[in-house]
Amino acid sequence: MSGIDPGVKSVAAAAGSDTEFVSLIRHAIDAGVTLFDTADVYGPHTNERLLGRAVTGNRDNIVLATKFGIYYDPDGYLRARGDSAYVRRSCDDSLSRLGVDHIDLYYLHRVDPDIPVEETWGTMADLVAAGKVRYLGMSEVSARTVHRAHSIHPVTALQSEWSLWHREIEPEIVPTCRRLGIGIVPFAPLGRGLLTGDITSADQLPVGDLRRSLPRFSEDNLNHNLAIVDALRAVAAEKSVTVAQLALAWVHHRGTDVVPIPGTRSLGHLKENIVATDLDLSADDLSRIEAASPPGAVAGARYSDRLIRYVGR
């Protein structure tokens, strides 16, 4: 991953009380976590402010990543935007909320269907030239879009969902990134919490939680998917680890250019996730894990029809 150590430990900033959030991030820094990922839409905006507060005094020791390009309209629907004026304003606003003079890794969260990616990416490249951003990344885009952007300015990182729950990036996106020397940053490496083994019903999820609207969490699909978790739990038990640690270690074993960003609200889960980075999986272990959760085994689409239209552009 150009300019960023591919061995960094990482975490996606998650929601919680202000005090808990700041404390958790500082624990992560003390434990050696160096990559922190957020976005302007988280909150919206509050997540960036809290992350900026949490990393005060440690700026030189971390890689700070944030994203722009999606927002909620007045009716609560998610939209994508990437015109030049919006790019520049979004960056300045994120810098202000984070309380920093530059962003290490700035992602285009989603591609605007009405704006050529060349316009969006060219303006992002201007941010690098201005010293406001060090490196650029993309999220949930097609291999073709990666090529279009990379021809204008290097794509340093590609952030997409990748886990035992979602492996659709393997046939085309992953090889494209590797040919171009682009690092891969899997989000939701624990299947949006399903691979922790802690979720047994959608009723456990808070009211308003996005996952309540995702097909994989519907009652019929969830019952099928929990059987996969049980199969993984049996492998995890033999190695004396949790199913979450096993699933996260599997992602880490995809390659030295892969830096997953598990989100957490709990110090206990943070510690478990860090331990998982050192878990060694043999070829036999990997084979058994993938037999328990082969590609295509998970029931249900990962997004609703309304959200999937912004994926893979």
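The structure under discussion appears in the preceding block.
First things first, this report covers the structure right here in the doc. Per chain, the residues get numbers from 1 upward, laid out in the order the sequence is written. For this predicted model, a pLDDT threshold of at least 70 governs which residues receive local features, and a threshold of 80 or more governs which side-chain atom pairs are given and counted, while totals over whole chains, interfaces and linings are taken from all residues. Side-chain numbers come from the whole structure's heavy atoms, not from hydrogens or water.

A few points about the overall build of the chain
The secondary structure listing takes helices from DSSP runs of H or I that are at least 4 residues long and strands from runs of E that are at least 2 residues long, numbered from the N terminus. Per the secondary structure count, the chain includes 11 helices and nine strands. We take the radius of gyration over the C-alpha atoms and set the globule estimate at 2.2 Å times the residue count to the 0.38 power. What you see for the chain is a C-alpha radius of gyration of 19 Å, in line with the 20 Å of a compact globule of 313 residues. Projected onto its principal axes, the C-alpha positions of the chain cover 50 × 40 × 40 Å. Burial here depends on accessible area, computed with a 1.4 Å probe over protein chains only, as a share of the maximum for the residue type. Under 20% is buried, over 50% is exposed, and the range in between is partly exposed. Within the chain, the proportion of its 313 residues that are buried is 55%. For the chain, long-range pairs separated by at least 24 residues make up 74% of all intrachain contacts whose partners lie at least 6 apart in sequence. Considering the chain, the positive charge centre built from 33 side chains and the negative charge centre built from 40 side chains are found 2 Å apart. Note on definitions: a residue-residue contact is assigned when non-hydrogen atoms from the two residues lie within 4.5 Å. A positive count includes Lys and Arg, and a negative count includes Asp and Glu. His and the chain ends are not counted in either. By convention, the charge on Lys lies at NZ, on Arg at CZ, on Asp at CG and on Glu at CD.

As for the environment of His253
Inspection of the secondary structure puts His253 in the loop between helix 8 (243-252) and helix 9 (267-276). Non-local contacts of His253, meaning those with residues more than four positions away in its chain, are made with Leu279, Asp280, Leu281 and Leu286. We define a polar contact as two N or O atoms separated by no more than 3.5 Å, with the added condition that, inside protein, one atom must be a possible hydrogen donor and the other a possible acceptor, whereas residues neighbouring each other in sequence contribute only through side-chain atom pairs. Within the local environment of His253, its side chain forms a polar contact with the backbone oxygen of Ala249, the two atoms lying 2.8 Å apart.

Topic: the packing of helix 2 (residues 46-54) against helix 3 (residues 84-98)
Working note: a packed helix pair is described by the angle between its axes plus the distance between those axes. Structural elements are reduced to axes, namely lines fitted to C-alpha atoms, with helices fitted over the stretch in contact, and the angle between N-to-C directions of any two is expressed from 0 to 180 degrees. Between helix 2 and helix 3, the shortest axis-to-axis distance is 7 Å and the interhelical angle comes to 45°. On the basis of their axis angle, the class for helix 2 and helix 3 is oblique. Judged by residue contacts, Glu48, Arg49, Leu51 and Gly52 of helix 2 engage Ser94, Arg97 and Leu98 from helix 3. Side-chain classes are defined by residue name, with Ala, Val, Leu, Ile, Met, Phe, Trp, Tyr, Cys and Pro counting as nonpolar, Asp, Glu, Lys and Arg as charged, and the others, Gly among them, as polar. Partitioned by chemical class, the residues of the contact of helix 2 with helix 3 number two nonpolar, two polar and three charged. Angle categories: roughly parallel below 35 degrees, roughly antiparallel above 145, roughly perpendicular from 65 to 115, and oblique for all the rest.

A few points about unusual backbone geometry
Of the consecutive residues Gly43 and Pro44, the connecting peptide bond is found in the cis state with omega at -10°. Not every positive phi belongs to a glycine, and His45 is a case in point at roughly 75°. With respect to the secondary-structure elements, His45 resides in the loop between strand 2 (33-37) and helix 2. One non-glycine residue, Arg192, lies in positive phi territory at about 55°. Examined against the element boundaries, Arg192 turns out to sit in the loop between strand 9 (183-187) and helix 7 (219-238).

As for the pairing of strand 7 (residues 133-139)
Among the seven residues of strand 7, five are classified as buried, and the element is accordingly described as predominantly covered. Two strands are counted as paired when DSSP detects at least two bridges linking them. Sheet topology note: the strand 6 (residues 103-108)/strand 7 ladder contains five bridges and is parallel. Counterpart to Ile103 in the pairing with strand 7 is Val133. One ladder, built from three bridges, connects strand 7 with strand 8 (residues 157-161); its direction is parallel. In the sheet register, Met138 faces strand 8, and the bridge partner there is Leu158. The β-α-β motif built from strand 7, the intervening helix 5 (residues 143-150) and the parallel element strand 8 has right-handed crossover chirality. When the strands point away from the viewer and the path from the first strand over the helix to the second turns clockwise, the crossover is right-handed.

Regarding the packing of aromatic side chains
The description of an aromatic ring pair rests on the distance of the ring centres and on the angle between the ring planes. Two aromatic rings, drawn from Phe, Tyr or Trp (for Trp, its six-membered ring), form a pair once their centres lie within 6.5 Å of each other, and the interplanar angle then sorts them: stacked below 30 degrees, edge-to-face above 60, tilted otherwise. One pass over the structure, following the stated rule, counts three aromatic pairs. Taken together, a centroid distance of 5.0 Å and an interplanar angle of 20° make the contact between Phe68 and Tyr106 stacked. Of this pair, Phe68 sits in strand 3 (residues 63-68) while Tyr106 is found in strand 6, placing the two residues 38 residues apart along the sequence. Here Phe68 and Tyr106 have matching classes, each one buried. Ring geometry for Tyr71 versus Tyr86: centroids 6.3 Å apart, planes at 55°, classification tilted. Within this pair, whereas Tyr71 is found in strand 4 (residues 70-72), its partner Tyr86 is found in helix 3, the two being separated by 15 residues in sequence. With relative accessibility at 31%, the residue Tyr71 sits in the partly exposed group.

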